Amino acid sequence: MSSFEQTAEERALLLEKAKRRAALRSEFLKQTSNPFRHGEGGHLFDSALLRHQSMRISAVDYFRPTTKSLRSLLLVVVPMLTYGYWIKSDRDRREQEYRTGQISYKDRRFKFI
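Here goes a summary of the coordinates provided. (Residues numbered from 1 in each chain as written. Predicted model: local features only at pLDDT ≥ 70, side-chain atom pairs only at ≥ 80, totals over all residues. Heavy atoms only, no water.)

**What to know about the overall build of the protein chain**
Logical step 1: In terms of helices and strands, the protein chain carries 3 helices and 0 strands.
Logical step 2: Ordered by position from N to C terminus, the α and β elements of the protein chain give α-α-α.
Logical step 3: Against the compact-globule benchmark of 13 Å for 113 residues, the protein chain has a radius of gyration of 31 Å, which places it well outside the compact range.
Logical step 4: By its C-alpha atoms, the protein chain is 85 × 55 × 35 Å across when sized along the principal axes.
Logical step 5: Taking all 113 residues of the protein chain together, 4% fall into the buried category.
Logical step 6: With the model as given, the accessible surface of the protein chain reaches about 11000 Å², and the carbon-plus-sulfur share is 62%.
Logical step 7: If you average the places of the 22 positive and of the 13 negative side-chain charges in the protein chain, the two averages end up 5 Å apart. (Helix = DSSP H or I, 4+ residues; strand = E, 2+ residues; numbered from the N terminus. Rg over C-alpha atoms; globule rule 2.2 N^0.38 Å. Buried < 20%, exposed > 50% of the residue type's maximum accessible area, 1.4 Å probe, protein only. Areas by Shrake-Rupley, 256 points an atom, 1.4 Å probe, with all protein chains shown as cover. Lys, Arg positive; Asp, Glu negative; His and termini not counted. Charge placed at Lys NZ, Arg CZ, Asp CG, Glu CD.)

Here you go:
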């Protein structure tokens, strides 16, 4: 039996799935293209979409710190802050060297600082 052959149960399952998909598609097209719906203009109320949007908005209210969230904090936020601090301190050090004359103008990396 090759990978392209299907058993009778798989074929029946695929046909049932295709029939269900066609029925849902025809119902969707019927509802969105109904000319007697005034003021709504092709928009359908989808309860699953509403639940998803509500979940996304209220996720902050139900947040509980876990080891996974702490790990993401340590692997993302802390290196960004450390790198930013390193850049700032390096720039401040170079600026201080430029202003005190320890580095001459011709030896500067960027001349217009």
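Structure's up, so let's keep going.
**A look at a nonpolar patch on the surface**
Logical step 1: A contiguous nonpolar patch, built from L70, L73, L74, L75, V76, V77, V78, M80 and L81 and spanning about 840 Å² of accessible area, is present on the exposed surface.
Logical step 2: Among the structural elements, M80 can be located in helix 3 (residues 67-100).
Logical step 3: In this structure M80 comes out as exposed when scored by relative accessible area, which is 57%. (Patch = residues over 30% accessible without salt bridge, like charges linked within 9 Å, V, L, I, M, F, W, Y side chains within 5 Å. Salt bridge = Lys/Arg side-chain N within 4 Å of Asp/Glu carboxyl O.)

**Examining the pattern of salt bridges**
Logical step 1: Going through the model one piece at a time under the given rule, you end up with 7 salt bridges.
Logical step 2: Two residues, K30 and E27, come together in a salt bridge whose shortest N-O distance is 3.6 Å. Placement of both K30 and E27 in helix 1 (residues 8-32) is noted, with a separation of 3 residues, approximately one turn of the helix.
Logical step 3: By relative accessible area, K30 is classed as exposed at 54%.
Logical step 4: We classify E27 as partly exposed; its relative accessible area is 33%.

**Considering the environment of K19**
Logical step 1: Here K19 shows up in helix 1.
Logical step 2: Linking K19 and D46, residues 27 residues apart in sequence, is a C-alpha distance of 21 Å.

**Let's talk about the environment of L44**
Logical step 1: Residue placement: L44 occurs in the loop between helix 1 and helix 2 (47-58).
Logical step 2: Along the primary structure L44 and T32 are separated by 12 residues, whereas in three dimensions their C-alpha atoms are 6.9 Å apart.
Logical step 3: When neighbours within four sequence positions are excluded, L44 is seen to be in contact with F28, Q31, T32 and R37. (Contact = heavy atoms within 4.5 Å.)

Bear in mind that shape data such as this cannot, by itself, settle questions of function.
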